[in-house]
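Listed below, chain by chain, are the residues.
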Amino acid sequence: QVQLVESGGGLVQAGGSLRLSCAASGSIRSINSMAWYRQSPEKQRELVARITTEGTTIYADSMKGRFTISRDDARNTVYLQMNSLKPEDTAVYYCTSTALTVGSIAYRSYWGQGTQVTVSS
């Protein structure tokens, strides 16, 4: 099994910044892609950003230029640097990882419990 633990959420004023972290632990053999999603009460869960093992990144249009995803494979950790935050960025942010565990033959997706980000106007 793989556990993902997010941290770094909180309350920030519009225009401010936050850095989210998500550390994966457990019987991990290999991690493939890692990503951040978010969900607010008004919307369905949506992709924020994704990063592959090669470092290729994908961002949702509304996050381009403001958010940066990165990963540290030595620490099995993915980060999300969020700048120029807007009230509409308020949501619960979830990290997800596709990982291969000891004793498994296929990659599976795992999710963290989420961290709240609130941006005040």
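Refer to the preceding data block for the structure.
We now turn to the structure provided with this report.

Definitions and limits used
- Residues numbered from 1 in each chain as written.
- Predicted model: local features only at pLDDT ≥ 70, side-chain atom pairs only at ≥ 80, totals over all residues.
- Heavy atoms only, no water.
- Helix = DSSP H or I, 4+ residues; strand = E, 2+ residues; numbered from the N terminus.
- Buried < 20%, exposed > 50% of the residue type's maximum accessible area, 1.4 Å probe, protein only.
- Contact = heavy atoms within 4.5 Å.
- Core = buried A, V, L, I, M, F, W, Y, C linked by side-chain atoms within 4.5 Å.
- Salt bridge = Lys/Arg side-chain N within 4 Å of Asp/Glu carboxyl O.
- Pairing = 2+ DSSP bridges.
- Axes fitted to C-alpha atoms, helices over the stretch in contact; angles between N-to-C directions.
- Disulfide = S-S within 2.5 Å.

## So, the environment of A91
Next up, step 1: Within the secondary structure, A91 is located in strand β9 (residues 91-101).
Next up, step 2: You can call A91 buried: its relative accessible area is 4%.
Next up, step 3: Separated by 25 residues in the primary sequence, A91 and Q116 place their C-alpha atoms 6.1 Å from one another.
Next up, step 4: Once residues within four sequence positions are removed from consideration, A91 is found in contact with R38, Q39, S40, T115, Q116 and V117.

## Things to note about the nonpolar core
Next up, step 1: Within the largest apolar cluster, 30 residues are counted, with the highest numbers of intra-cluster contacts made by W36, L80, M82 and Y93.
Next up, step 2: For this core, the elements supplying multiple residues, two or more each, are β1 (2-7), β3 (18-26), β4 (28-39), β5 (46-51), β7 (67-72), β8 (77-82), β9 and β11 (115-120).
Next up, step 3: Residues in contact with Y93, not counting those within four places in the same chain, are E6, L20, W36, Y37, R38, V48, F67, L80, M82, G114, T115 and V117.

## With respect to the pattern of salt bridges
Next up, step 1: Scanning all chains against the criterion turns up six salt bridges.
Next up, step 2: For the salt bridge of D89 with R66, the shortest nitrogen-to-oxygen distance reads 2.7 Å. Taken together, the positions of D89 in the loop between β8 and β9 and R66 in the loop between β6 (57-59) and β7 put the pair 23 residues apart, joining distant regions of the chain.
Next up, step 3: On the accessibility criterion, D89 (0% relative accessible area) is buried.
Next up, step 4: One salt bridge in this structure joins R75 and D72, with 2.8 Å as the shortest N-O distance.

## Points about the sheet that holds β7
Next up, step 1: As summarised here, the arrangement of the four strands in space is β1-β3-β8-β7, forming an open sheet in which the pairing is antiparallel. Sheet topology places β1 and β7 at the edges, where each strand pairs with a single neighbour. Neighbouring strand axes in the sheet, compared pairwise and without regard to direction, differ in orientation by 15° on average.
Next up, step 2: Across six bridges, the pairing between β7 and β8 is antiparallel. If you follow I69 over to β8, its bridge partner there is L80.

## Digging into the pairing of β1
Next up, step 1: Of the two faces of β1, the one holding V2, L4 and E6 is buried and the one holding Q3, V5 and S7 is not buried anywhere.
Next up, step 2: Note: β1 against β3, six bridges, orientation antiparallel. Bridge pairing links S7 to S21 in β3.

## What about the state of the cysteines?
Next up, step 1: According to the stated counting rule, one finds one disulfide in the structure shown.
Next up, step 2: Across a sulfur-sulfur distance of 1.8 Å, C22 and C95 are joined as a disulfide pair. Of this pair, C22 sits in strand β3 while C95 sits in strand β9; the two residues are 73 residues apart in sequence, bridging distant segments of the chain.
Next up, step 3: The buried category is assigned to C22, whose relative accessible area is 0%.
Next up, step 4: A relative accessible area of 0% places C95 in the buried class.

Geometry only, nothing functional implied.
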